[in-house]
Amino acid sequence: MKSCVVLAFLLFSLICLMYQASDACSCAMSHPQDAYCHSDIVIRAKIVGKKLLDDGPFGTLRYTVKQMKMYKGFEKIQHVQYVYTHNFESMCGVKFDINKYQYLITGRVHDGKLYTGLCNFNERWERLSLAQKKGMNHRYQLGCDCRIKPCYYLPCFVTSKNECLWTDMLSPHFSYPGHQWRHYACIQQKEGYCSWYRGTNTRDKLTINTTDP
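What counts and what doesn't
- Residues numbered from 1 in each chain as written.
- Predicted model: local features only at pLDDT ≥ 70, side-chain atom pairs only at ≥ 80, totals over all residues.
- Heavy atoms only, no water.
- UniProt positions renumbered as here; feature names shortened; annotations may be inferred.
- Helix = DSSP H or I, 4+ residues; strand = E, 2+ residues; numbered from the N terminus.
- Contact = heavy atoms within 4.5 Å.
- Buried < 20%, exposed > 50% of the residue type's maximum accessible area, 1.4 Å probe, protein only.
- Phe/Tyr/Trp six-rings, centres within 6.5 Å; stacked < 30°, edge-to-face > 60°.
- Lys NZ or Arg CZ within 6 Å of the ring centre and 35° of its normal.
- Patch = residues over 30% accessible without salt bridge, like charges linked within 9 Å, V, L, I, M, F, W, Y side chains within 5 Å.
- Areas by Shrake-Rupley, 256 points an atom, 1.4 Å probe, with all protein chains shown as cover.
- Salt bridge = Lys/Arg side-chain N within 4 Å of Asp/Glu carboxyl O.
- pLDDT = per-residue confidence, 0-100.
- Pairing = 2+ DSSP bridges.
- Core = buried A, V, L, I, M, F, W, Y, C linked by side-chain atoms within 4.5 Å.

Taking an unreviewed UniProt entry as the reference, the chain is identified by name as Metalloproteinase inhibitor 3 belonging to Cyprinus carpio. Recorded under Subcellular location (unreviewed entry), the UniProt text for the chain is reproduced unchanged: "Secreted, Extracellular space, Extracellular matrix".

Right, here's the structure in full:
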């Protein structure tokens, strides 16, 4: 009898561990430009309150925001007052600090509401590089017809003229985020080709090819 109880306990523990593993949030690496282009809404805002809504088995967090600036999505929502996310990080819910920082927030609109999660690009504004701030303001929009192609191991090549190779992951000292992630945008040129562009100072106001940096 005792052995049966122990076996049942071990089986229950294993099921719980399998459930937690399957329920964990997992996101692929993405470039901020992709996050911008694939989002319905991109704003800079300060979180001023939150409320747990009892609208399902796990609940939804509703953050009240003070919108500072909208970079994308005027046609979807003219002014964002609330941002919605899952209550649990295991379900990709986002935790924002209240009345502390300004955040860049990206997300999708559903039934007139802005939803975001861990797989969206959400970051404290002061942590963004100058190139990322310029990208959100106008530069990323110029590259939304381009495709940023991750390169995890060599050889890797562009296969069409609208691709830029994202090679941060090839660095022997790679730590996410990398140099291209922080400082470059993939912009479409007059000839229709896409290439990496930095343009944060005089020296960098040159377009570089698809394999560099």
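Per the UniProt annotation, the sites labelled "binding site: Zn(2+)" (unreviewed entry) are C25. Of note, C25 is situated in the loop between helix 1 (2-23) and helix 2 (32-37). Discounting chain neighbours no more than four positions away, the residues touching C25 are E89, S90, C92, L118 and C119.

Attention now goes to the environment of I148. As for its position among the elements, I148 is in strand 7 (residues 147-150). Under the relative-accessibility criterion, I148 is labelled buried at 6%.

What follows covers the packing of aromatic side chains. A complete count under the given rule lists 9 aromatic pairs for this structure. When the centroid spacing of 5.9 Å and the interplanar angle of 10° are considered together, the rings of Y71 and W125 count as stacked. On the criterion of sequence distance, the pair formed by Y71 in strand 2 (residues 60-72) and W125 in the loop between strand 6 (123-124) and helix 3 (130-139) is long-range, its members being 54 residues apart. Like W125, Y71 is buried. With a centroid separation of 5.6 Å and 90° between ring planes, the pair formed by F121 and W181 is classed as edge-to-face. Of this pair, F121 sits in the loop between strand 5 (113-115) and strand 6 while W181 sits in helix 4 (residues 179-183), and the two are 60 residues apart along the sequence. An identical accessibility class is assigned to F121 and W181; each is buried. Site record: aromatic cluster; members linked through ring pairs are Y63, F96, Y101 and Y103. Directly above the ring of Y82 sits R62, whose terminal nitrogen or CZ lies 4.3 Å from the centroid.

On the surface, Y152, Y153, L154 and L170 cluster together into a nonpolar patch covering about 480 Å² of accessible area. Here Y153 lies in the loop between strand 7 and strand 8 (163-166).

Taken as a whole and judged by the stated rule, the model has 5 salt bridges. The partner of E123 in a salt bridge is R127, and the shortest N-O contact between them spans 3.7 Å. Given the relative accessible area of 47%, R127 is considered partly exposed. Across the pair R124 and E126 runs a salt bridge, and its minimum N-O distance is 2.7 Å. By relative accessible area, E126 is classed as partly exposed at 42%. One continuous salt-bridge network, built from bridges that share partners, spans R147, K149 and E163.

A few words now on the confidence of the model for the chain. Of the residues in the chain, 81% have a pLDDT of 70 or more, and the chain-wide mean is 84. The low-confidence segment residues 1-22, where pLDDT is below 50, has 1 contact with residues more than four positions distant or belonging to other chains. Of the regions scoring below 50 in pLDDT, residues 201-213 engages in 27 contacts with residues more than four places distant in sequence or in other chains.

For a regular strand, the rule is simple: side chains alternate between the two faces of the sheet. Where strand 9 (residues 185-188) meets strand 10 (residues 194-197), 4 bridges bridge the pair, whose relative direction is antiparallel. Within strand 10, the residue paired with C186 across the bridge is W196. Hairpin connection from strand 9 to strand 10: 5 residues lie between these consecutive antiparallel strands, with G192 at a positive phi of about 95°.

On to the nonpolar core, then. Counting residues in each nonpolar core, the largest one holds 23 residues, and the members touching the most others are Y36, Y71, L104, F121, M136, C186 and W196. Looking at this core, the elements with two or more residues in it are helix 2, strand 8, strand 9 and strand 10. Setting aside anything within four residues of it in sequence, one finds C186 in contact with Q33, G143, C146, R147, I148, C164, C194, S195 and W196. Core analysis: the next-biggest nonpolar cluster, separate from the first, contains 16 residues, I47, I77, Y103 and L114 among them.

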